[in-house]
Structures are given as structure tokens and as C-alpha cells.
Amino acid sequence: MTNDIESYISHRIGKTIKTGNVIDITEALKQQQQEIEALKQQQQQEIEELKAMLGELKAGWPQKTSNSKAS
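Residues numbered from 1 in each chain as written. Predicted model: local features only at pLDDT ≥ 70, side-chain atom pairs only at ≥ 80, totals over all residues. Heavy atoms only, no water.

**A word on the overall build of the protein**
Spelled out, the test is: Helix and strand definitions follow DSSP, with helices as H or I runs of at least four residues and strands as E runs of at least two, each counted in order from the N terminus. Three labels apply to residues, based on accessible area from a 1.4 Å probe with only protein chains included: buried if under 20% of the type maximum, exposed if over 50%, partly exposed otherwise in between. Reported accessibility uses the Shrake-Rupley method at a 1.4 Å probe radius. Residues are deemed covered only where the shown protein chains occlude them.
The helix and strand tally for the protein stands at two helices and two strands. Listing each helix as α and each strand as β along the protein from the N terminus yields α-β-β-α. Buried residues in the protein amount to 8% of all 71 residues. Here the protein displays about 6500 Å² of accessible surface, and carbon together with sulfur accounts for 57% of that area.

**Some thoughts on the pattern of salt bridges**
For side chains of opposite charge, pairing can occur when their charged atoms come near one another. Stated precisely, the cut-off is as follows: The term salt bridge refers to a side-chain nitrogen of Lys or Arg lying within 4 Å of a carboxyl oxygen of Asp or Glu.
Following the criterion strictly, the structure yields one salt bridge and no others. Glu37 is the salt-bridge partner of Lys40, the closest N and O atoms lying 3.8 Å from each other. In this pair, Lys40 and Glu37 both sit in helix 2 (residues 25-70), three residues apart, roughly one turn of the helix. Residue classification places Glu37 among the partly exposed residues on the basis of a relative accessible area of 33%.

**Concerning the confidence of the model for the protein**
For clarity, the cut-off: Per residue, pLDDT measures the predictor's confidence, with a range of 0 to 100.
Scored by pLDDT, the protein has a mean of 76; 66% of the residues are at 70 or more. For the protein, per-element mean pLDDT is lowest for strand 1 (residues 18-19), which scores 54, and highest for helix 2, which scores 81.

Structure representation (C-alpha cells):
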């Protein structure tokens, strides 16, 4: 029964490091925190890329509207 409980907890938590029959929760939390930080950095990079693309679109916007008025 204990093995079933330990197995359930380790699968529920995801990537965990076991030392003997004990799950190191602090290590699992550290891993999750690192994954969260990596995702935050990835999101920030994507946001910056989108802002740059939006800036390029805005830069050409007045020219496009002035051309459409002339037609």
C-alpha cells in the first residue's frame, strides 16, 4: 500500500527526485520554479518580438493610408 501511495504521489508531482523511499519535495519545487522561470523568459522574448513587429507595422501605416487616399 505504501508503494502505491508513493507511486501515485511521484506520478502526480511529475519529475521528482527520489532518495530511497522518500520524495524530495523541495527538489521537485526547485525544478518547477526553474521551468516557470524558463517559460517566463521565453514569453518575454516573444513579447519583445511581437512589439518589434508591431513597431514595424505602425511605421508603415501612415504611408499606406496616404496612398489609399490618393487613389
